[in-house]
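Residues per chain are reported as follows:
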Amino acid sequence: MRLRILFVLMGLVASAQPAAAQQRPLVTEDPETIGPGLVLVEAGLDWSNDIFFPVSGLRGDLLRLPTLGLSVGVGSIVEIQIDGGLYNRLAISERRPGPLAHMVTAQGASTSSVEDLVVGTKIRLLAETPQRAAVGLRFATKLPNAGNESGLGLDTTDFYVSALVAKTIQSLRVVGNLGLGILADPTRGDRQNDVLLYGISFARAVAQGTEVVGEFNGRASLREGDPLPGSENRALMRLGGRYTRGPARADAALLVGMTSRDPSIGFTVGVTYVFK
């Protein structure tokens, strides 16, 4: 599957259409779909400083290259999404005790792995009108491509469902997400933790084809007491911009972590193309 995504990125040469409903560099999902018969391909690079993996006990600087996304409009209100990455590398700055630290095979100053694959479906329930916001639902499953031997993965399968709303007010687009994540315990096969998923983002047009964008996105454990390993609270703030020209869009954003597990700072850059 990962190779197929890469081939799509390298080989799509069909007639282009104007870009629509893209996410990068944001992760808060817009309820609008890309449209029937359209294919959206995105690729990027992320770098995060001082990120912590509590399950493996590893801390360091994380490089993700490339991050890949594929969205296919299978109808006027339905979109299929596949997201992942081919190479994650952590430059290890610290090793702490962790529930699965004994399983990490990396002995040097770095470790690497592929990224977990996320397969999702987005459905627009209500189109936006002057009187109401657009409303949608998104269902997604995370597949355990990244192994816990690298210290970067959990070898668990998780499920997510979120309600999506969005409204455009003049040149400002505001999007909100609220949902539930069911996260498996990587240390035991008979436990799970439910987390609240949330996100709010904005995109403000400042010139022809140019937008300033930002968001606050994360999750919060719903378990009484300490969360299970790998399901701790996380939150990330992004602020950046996008430039669209024809079927292509370039983007960049600064990342700021809100918890001790998130990166202290980081950045992401990427491109998006839409084809018919």
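Just above sits the structure.
Structural notes, computed from the coordinates. Here the structure is a predicted model, which means the values were calculated and not measured. (Residues numbered from 1 in each chain as written. Predicted model: local features only at pLDDT ≥ 70, side-chain atom pairs only at ≥ 80, totals over all residues. Heavy atoms only, no water.)

### Digging into the overall build of the protein
- Helix and strand counts for the protein come out as one helix and 14 strands.
- Against the 2.2 N^0.38 benchmark of 19 Å for 276 residues, the protein shows a C-alpha radius of gyration of 19 Å, consistent with a compact globule.
- Expressed along its principal axes, the backbone C-alpha trace of the protein runs to roughly 55 × 40 × 30 Å.
- In the protein, which comprises 276 residues, the proportion classed as buried is 46%. (Helix = DSSP H or I, 4+ residues; strand = E, 2+ residues; numbered from the N terminus. Rg over C-alpha atoms; globule rule 2.2 N^0.38 Å. Buried < 20%, exposed > 50% of the residue type's maximum accessible area, 1.4 Å probe, protein only.)

### Focus on the environment of V195
- Mapped onto the fold, V195 is located in strand β10 (residues 192–207).
- Overall, V195 belongs to the buried group, its relative accessible area being 0%.

### A closer look at the packing of aromatic side chains
- On inspection of all chains with the given rule, the structure shows three aromatic pairs.
- Measuring from ring centre to ring centre gives 6.1 Å for Y198 and F216, while their planes differ by 20°; the resulting arrangement is stacked. Here Y198 is found in strand β10, whereas its partner F216 is found in strand β11 (residues 210–221), with 18 residues between them in sequence.
- By relative accessible area, Y198 is classed as partly exposed at 22%.
- A relative accessible area of 31% means that F216 is categorised as partly exposed.
- Between the NZ or CZ atom of R96 and the centre of the ring of F52, over which it lies, the distance is 5.1 Å. (Phe/Tyr/Trp six-rings, centres within 6.5 Å; stacked < 30°, edge-to-face > 60°. Lys NZ or Arg CZ within 6 Å of the ring centre and 35° of its normal.)

### What about the environment of F159?
- Summarising the element assignment, F159 is placed in strand β8 (residues 158–169).
- The spatial distance from the C-alpha of F159 to the C-alpha of L117 is 12 Å, given a sequence separation of 42 residues.
- When residues no more than four places from it in sequence are discounted, the contact partners of F159 are F139, A140, T141, L180, G181 and I182. (Contact = heavy atoms within 4.5 Å.)

### Some remarks on the nonpolar core
- Counting nine residues, the largest nonpolar core consists of I51, F53, L58, L62, L90, I92, V104, A106 and L152.
- At the level of secondary structure, the elements contributing two or more residues to this core comprise β1 (39–53), β2 (58–73) and β4 (88–95).
- Contacts of L90, omitting those with residues within four sequence positions, involve I51, F53, L58, G60, D61, L62, A109, S110, T111 and L152. (Core = buried A, V, L, I, M, F, W, Y, C linked by side-chain atoms within 4.5 Å.)

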